[in-house]
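A look at the structure
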Amino acid sequence: MFEKGLYELIRGIRANKGNERNYVLESLKECRQEAKSQDLNIKATAILKLIYLDMFGHDMSWASFHALEVMSSSQFRQKRVGYLAAVQSFRLDTDVLMLTTNLIKKDLYSPSVPEMSLAINGLSHIVSPSLAQDLAPDLVSKLTHSSPIVRKKAIPVLYKCFLQSPELLRTCWPRLRECLNDEDSSVVSATVNIVCELARRNPKNYLPLAPQLFKLLTDGGNNWMTIKLIKLFATLTPLEPRLVKKLVPPITNLIQTTPAMSLLYECISGLIQGGLLAGIQDTEEGEELASVCVTKLRGFLVEGDSNLKYVGLIALAKLVNTHAHLVCQHHDVVLNCIDDDDISIRYRALELVVGMVNPDTLSTIVGKLMRQLKPANRDYVELEPTGSEDEDDMQEEVMHPKKARGAMIPLELPEDYKHIVICKVLEMCSRDMYANVTDFEWYLDVLCQLVRFAPAVQVEGTAPEDAEEAEEELEELIKKRDVGEAIGKELQNVAIRVKSVRPEAVRCAEMFIVGRDGVFPAAGGGGKRVLGDSGWIVGEYASLLTNPTLTFDSLIAPSSNTLPSDILSIYLQSITKIYASLTSSFSIPWTSERKTYVTLLTDRVLRFLAPLTISPNLEVQERAVEFQELFRLCTEAILAQPPSNTTEIYDPPLILTQAVPSLFLGQELNPVAPRAQRKVPLPPGLDLDEPINPNLPSLIVAADYNPSLTTDDDEDKEDAKFREYYYTKPATTSIPKNQPASHGIDSAAARSSTAQTPLSYQNVAEDSYLDADIIARRKKERQERHKDDPFYIFAPGGGEEITDADLEAIPVMELNLEDVPHAVPQEVRKPVRERVVVVMDEGIDGDDGLDEEEEEKGKDKKGKGKKKGGLLGVDASGLVGYSLEGGEEKKNDYEEEKEARKEVERLRKEMEAAAEKVREREEMEKAAAKKTKKVKKTVEGEGKKKKKEKKKEGETEGEAGEKKKKKKVKKEGEVEGDGAEKKKKKKVKKEKTVEEDTQAATTVAE
């Protein structure tokens, strides 16, 4: 039977266009049958086809056992297919993974280097904790193999084993460290690579390698190993600052001599990340080295390669934190990157310009950024031509002829980029309490222009089922994404802190309120969040409004009801403030016209508040109800106060001139440090949980209405008055048709103070990013300011027309330059800028003025840094903080175990010595007993003989012999007693020794 190979499978898939799925399913069935074959050639071919189909998404995990069979083949070609299938399909939860241990161990000891390399490479992909534990000793033995290829491949696989089982690092590290002295440079490079990865997790373990690594750095080698060494030293220098002075000379030499861009960038990055430049920042050597680095990075930016631009901007962004003055010298090339066609390069350039801005370059950088936002200034890019043409490309050209290859198309900036540009402009201008801003009128014009450039707010996602909840979430989302919120905060900040430009800030806020429909974009509602802070400004500084009546009409317009609830609640407060400003003047007589105007004004406010009293938002509803009651009282007072006439003069009602204004008059609002409230000490004896009046329920009951005190008629009258007061709409005052409602109120408009004439910000490029109306207003103010200046040259058509008669009237004088002495050129001095007073935050001593949100963000950035994965793309969290010497607890346990072993060894030796002594004593006692018996027999024999021979001698001699015998017996008894006593003592000592040994063994076991 003819079996299809891999090439036939590929040709079949290409031949069955449109019917690939059926053909692939049929091929999978054939592979299932072929994988069960006993012929390894057929089985290997089937596994190879399954590997190819697995890349199309067809799972081949069911063939894991068949792949294991092919791995065990003796032929290298089949074995290679089996290992490839294992790499492709085996996972940590694969059932047959445990069966590969002996197979891989066998291949690791194969005499063939290719088979050994195949096993090492396969193990690096399928290693598991159990495989790492079982095969790590075999891999360590390969570190001394005669072939450098095997040694080089075994080192990275050991790193994979360390990731699965970190305990192996402690046992394998001594052998792995020896590879740094290997004679083959590729083995040394692989070892440096692994040490670099390990040092990123716990650099303290590898600090003793610094001399050895420094020698490798100075000896030179391939560029890739040098890059790894520089990265490795960048992680070690924070732990050992003395390395900085040692590393500066060789790295400086590399920067000045290497032609490789990759090595040059890594050297500079290593100097920055390792803190080498920061460590020698104040020295002459450090400044010289930093200047060399910045000059080299400038070369990255002027190159045409986008990759070099990108990494160069990254390095400069890191360097600007310590050497901003050096980076600012090359701001021209950085600003060119802002207009780059690659949007990623623009993002990086934005991050850099924020750090390098200063008072001299602020206007230039801001103008360049704002020109990108202007719709009229659109950049064009050329589509890159492709090398090959196919049917899809031809169809694209036919359907979209404007997008043909090589054509110039407008560069569409994403909305996110526009949002970031505006935020960066605000950040640059407001940094260090507006230290870079020298002309705040220019800054206010920039804020006004940014509102017009605000991108549309894009809201995505599904809305909740509850309509009210959906509306609240939508408002919150728009509040976060609309850049108008940040612009409004800046406008409010300038109005509060910079008193010299407060009228100008009020004028900008007034422009947003009055021209709301024409200022903001029609689609998306971008920038409308600025209305909240603008409404607060026009209410707080109502006396500075140029046209308070028009502003008031804009606030109470019916379209204001559609604004977000938080902005609407601010509007309600500002309406009352402007109302008090318009009606509280004593200088305007209380005439019938004035009374009619105030009555009409109050009635319009009540009609505006009526629908808001039932608003679903509690803040809006509460304020609307409160102010409605206040304006009803004003209406009653207005109607009760007669107007002045020719005979009698009446003053305006006191509620208008004193009561309502007193609600908002008082000390001037100053900025307060965000954390000042926390610095206020709590008064002694104050318990916030204790009720103010414990008898509050009884007081409420006593204050209730008591029907026994009044009659039914009185009760009905009280209820009628209550309903009339709270629920009956007051009648409006009729106005004659032939008399306009605004008659006689010109004095109110004349009373408002005019804004101060702003100073000019001379910038020839302002017309490139500011709108025509802003430019015209600034030009008119400038001409008005310089109309009496004889040295100011007006633009043609800008001033009064000059006639021919005027030209003839100009006198002509002859100048003799010979008699004029030559002027000595004087040194040009930079004009001293006028210092603008910016009000700082008020706070208690010791308050640093940091916002809680900024403090939390700083903690999040430190604590929630982006987790960096290893170069091999695996999880190395198990190696973080892992010590080669073990932790303190393990070290203590090891010391205790060592002491216990010593104690057990000492007790064992004592027991052996005691047993030896016991054996010697026993032998001595046996010898003494034998000798005693021998002496006793000899004495008894001699006594009997003497008795027979000297029987006839006297009793004295017999008694003497008897005493002698007793004496000998006594001596023998003493010897036996001493021996028994000594045996008893030895036995007790032996028991004590065994008991101590048992206690020591129990301690070790615990």
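Look up: the structure comes first, before these words.
Okay, so let's go over this structure. (Residues numbered from 1 in each chain as written. Predicted model: local features only at pLDDT ≥ 70, side-chain atom pairs only at ≥ 80, totals over all residues. Heavy atoms only, no water.)

A few words on the overall build of the chain. Helix and strand counts for the chain come out as 44 helices and two strands. Within the chain, buried positions represent 38% of all 1006 residues. Taking contacts inside the chain between residues at least 6 apart in sequence as the whole, the part at least 24 apart equals 73%. In the form shown here, the chain has an accessible surface area of approximately 62100 Å², with 53% of it arising from carbon and sulfur atoms. (Helix = DSSP H or I, 4+ residues; strand = E, 2+ residues; numbered from the N terminus. Buried < 20%, exposed > 50% of the residue type's maximum accessible area, 1.4 Å probe, protein only. Contact = heavy atoms within 4.5 Å. Areas by Shrake-Rupley, 256 points an atom, 1.4 Å probe, with all protein chains shown as cover.)

Mapped onto the fold, Lys309 is located in helix 18 (residues 306-319). A residue is classified by how much of its surface remains accessible, and Lys309, at 15% relative accessible area, is buried. Not counting the four nearest positions on each side in its chain, Lys309 is found in contact with Phe300, Leu301, Glu303, Asp340 and Ile345.

So, on to a nonpolar patch on the surface. A contiguous nonpolar surface patch, about 340 Å² in accessible area, is contributed by Phe65, Met98 and Leu99. Assignment of secondary structure puts Leu99 in the loop between helix 5 (76-89) and helix 6 (100-108). (Patch = residues over 30% accessible without salt bridge, like charges linked within 9 Å, V, L, I, M, F, W, Y side chains within 5 Å. Salt bridge = Lys/Arg side-chain N within 4 Å of Asp/Glu carboxyl O.)

Another point: unusual backbone geometry. In the Ramachandran plot, Asp432 falls in the positive-phi region, its phi being about 50 degrees despite a non-glycine side chain. Examined against the element boundaries, Asp432 turns out to sit in the loop between helix 24 (415-430) and helix 25 (440-452). The exposure class assigned to Asp432 is exposed, which follows from its relative accessible area of 62%. In this model, Tyr434 sits at a positive phi of 60 degrees, which is unusual for a non-glycine residue. Relative to the helices and strands, Tyr434 is located in the loop between helix 24 and helix 25.

Met428 and Tyr443 are the most contacted members of the largest nonpolar core, which totals 196 residues. Not counting residues within four places of it along the chain, the set of residues in contact with Tyr443 comprises Leu426, Cys429, Tyr434, Val437, Glu490 and Val494. (Core = buried A, V, L, I, M, F, W, Y, C linked by side-chain atoms within 4.5 Å.)

Here the focus is the environment of Pro653. By the secondary structure assignment, Pro653 is in the loop between helix 34 (618-640) and helix 35 (654-662). When neighbours within four sequence positions are excluded, Pro653 is seen to be in contact with Trp590, Ala637, Ile638 and Gln641.

Let's shift gears to the packing of aromatic side chains. Summed over the entire model, instances satisfying the criterion amount to seven aromatic pairs. Here the aromatic rings of Tyr434 and Phe440 are separated by 5.7 Å at their centres, their planes lie at 65 degrees, and the arrangement is edge-to-face. With respect to burial, Tyr434 and Phe440 carry one shared label: buried. In this arrangement the basic side chain of Arg32 is found over the ring face of Trp62, its NZ or CZ atom lying 4.1 Å from the centre. Its end group placed over the ring of Tyr109, Lys142 keeps NZ or CZ at 4.2 Å from the ring centre. (Phe/Tyr/Trp six-rings, centres within 6.5 Å; stacked < 30°, edge-to-face > 60°. Lys NZ or Arg CZ within 6 Å of the ring centre and 35° of its normal.)

Right, let's talk about the pattern of salt bridges for a bit. Evaluation of the coordinates by the stated rule reveals 30 salt bridges. One salt bridge in this structure joins Arg348 and Glu351, with 3.2 Å as the shortest N-O distance. Taken together, the positions of Arg348 and Glu351, both in helix 21 (residues 343-356) and three residues apart, correspond to about one turn of that helix. Glu351 sits in the partly exposed class, given a relative accessible area of 41%. Where Arg632 meets Glu629, a salt bridge forms, and the shortest distance between an N and an O atom there is 3.7 Å. Taken together, the positions of Arg632 and Glu629, both in helix 34 and three residues apart, correspond to about one turn of that helix. Neither residue differs from the other here; Arg632 and Glu629 are each classed as buried.

For the rest of this paragraph, the subject is helix 14 (residues 243-257). Along its 15 residues, helix 14 runs 22 Å from first to last C-alpha, staying within 8% of the 21 Å computed at 1.5 Å per residue. Where helix 14 bends most, the angle comes to about 30 degrees, and this point is Pro249. Of all the positions in helix 14, only Leu243, Val244, Leu247, Val248, Pro250, Ile251, Thr252, Leu254 and Ile255 are classed as buried. Looking at the buried positions of helix 14, the neighbouring elements they touch are helix 12 (210-219), helix 13 (223-236), helix 15 (261-273), helix 16 (276-279) and helix 17 (284-302). (Expected span 1.5 Å × (residues − 1). Bend = angle between axes of the 7 residues up to and from the residue.)

Let's shift gears to helix 2 (residues 20-35). Since there are 3.6 residues in each turn of an α-helix, residues three or four apart along the chain are aligned in direction. For helix 2, with 16 residues, the first-to-last C-alpha span of 22 Å sits near the 22 Å given by 1.5 Å per residue. Of the positions making up helix 2, those classed as buried are Tyr23, Val24, Ser27, Leu28, Cys31, Glu34 and Ala35. Angular distribution of buried residues about the axis of helix 2 spans 140 degrees; they occupy a single face of the element. Facing away from the buried surface of helix 2 by more than 90 degrees, the exposed residues are Lys29 and Gln33. In this structure, the buried side of helix 2 is in contact with helix 1 (6-15), helix 3 (40-54) and helix 4 (64-71). (Arc of directions from axis to C-beta.)

Note that every value here comes from positions in space, so none of it alone points to a role or purpose.
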